[in-house]
Amino acid sequence: MAESTGPNLGMKHGWNLGESGWHTGMESNLHRLDTVCHLSVLDRDLNTPPGSPAAGSRYIVGQSPTGAWAGKAGQVAVFSGSAWVFYAPKIGWVAYVEDEEKITVYKSSGWSAGIAI
């Protein structure tokens, strides 16, 4: 069966057991699950990446990003320990914004203002 990518989380699937390429695709799937399931971000209005992020730190990129975040406005940025990895949100994604203590939802117009917890 040919490899496919799901429309929601972008997970890869469709391999036959033992098929070549399974390892690479599964590694990508596990990283994506670890990043976007139960999404909690440190901040959502930074435009410049923090200087010394911890591995696994997640942010919603601000509206006027610069540096390593340039061109990634509104995306979820995750520091892998050595580089930034970006995920374009899908409608319905929910995130807890730690510095605001709010829940925000991604809509067709972008991330919502949020609901205080």
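Parameters at a glance
- Residues numbered from 1 in each chain as written.
- Predicted model: local features only at pLDDT ≥ 70, side-chain atom pairs only at ≥ 80, totals over all residues.
- Heavy atoms only, no water.
- Helix = DSSP H or I, 4+ residues; strand = E, 2+ residues; numbered from the N terminus.
- Buried < 20%, exposed > 50% of the residue type's maximum accessible area, 1.4 Å probe, protein only.
- Contact = heavy atoms within 4.5 Å.
- Areas by Shrake-Rupley, 256 points an atom, 1.4 Å probe, with all protein chains shown as cover.
- Salt bridge = Lys/Arg side-chain N within 4 Å of Asp/Glu carboxyl O.
- Core = buried A, V, L, I, M, F, W, Y, C linked by side-chain atoms within 4.5 Å.
- Pairing = 2+ DSSP bridges.
- Polar contact = N/O pair within 3.5 Å; in protein donor to acceptor, adjacent residues only side chain to side chain.
- Axes fitted to C-alpha atoms, helices over the stretch in contact; angles between N-to-C directions.

Draft legend 1. Quick peek at the overall build of the protein chain. The secondary structure content of the protein chain amounts to one helix and 10 strands. Put simply, the protein chain runs from its N terminus to its C terminus through helices and strands in the order β-β-α-β-β-β-β-β-β-β-β. Counting the 117 residues in the protein chain, one finds 35% classified as buried. For the protein chain, restricting intrachain contacts to residue pairs at least 6 apart in sequence, the fraction spanning at least 24 positions comes to 26%. Of the roughly 6,800 Å² of accessible surface on the protein chain, a fraction of 55% belongs to carbon and sulfur atoms.

Draft legend 2. The arrangement of the pattern of salt bridges in detail. Inspection of every chain in the model, using the stated rule, returns one salt bridge. The partner of E100 in a salt bridge is R44, and the shortest N-O contact between them spans 2.9 Å. Within this pair, whereas E100 is found in the loop between β7 (94-97) and β8 (102-107), its partner R44 is found in the loop between β3 (40-41) and β4 (58-60), the two being separated by 56 residues in sequence.

Draft legend 3. Looking closely at the nonpolar core. The biggest cluster of nonpolar side chains holds 11 residues, and these are L39, V41, I60, V76, V78, Y87, W93, A95, V97, Y106 and W111. Listing elements by their share of this core, those giving two or more residues are β5 (76-79) and β7. In this structure, Y59, V61, W69 and A77 belong to the second largest nonpolar core, which totals six residues.

Draft legend 4. Representation of the pairing of strand β6 (residues 84-87) within the structure. Taken together, the four bridges between β5 and β6 define a ladder with antiparallel strand orientation. Within β6, the residue paired with V78 across the bridge is V85.

Draft legend 5. Structural context of the side chain of R44. Judged by its relative accessible area of 16%, R44 falls in the buried class. Looking at R44, its side chain comes within polar contact range of the main-chain oxygen of S112, at 2.6 Å. Setting aside residues no more than four positions away along its own chain, R44 makes contact with I60, V61, G62, V97, E100, K102, T104, W111, S112, A113 and G114.

Draft legend 6. Seen up close, unusual backbone geometry. One non-glycine residue, E101, lies in positive phi territory at about 55°. When you line up the elements, E101 lands in the loop between β7 and β8.

Draft legend 7. Structural view of the sheet that holds β6. With antiparallel pairing, the three strands of this open sheet are ordered in space as β4-β5-β6. Here the strands that pair on one side only, and so sit at the sheet edges, are β4 and β6. Along the sheet, successive strands turn relative to each other by an average axial angle of 25°, direction set aside. As paired elements, β4 and β5 share three bridges and run antiparallel to each other.

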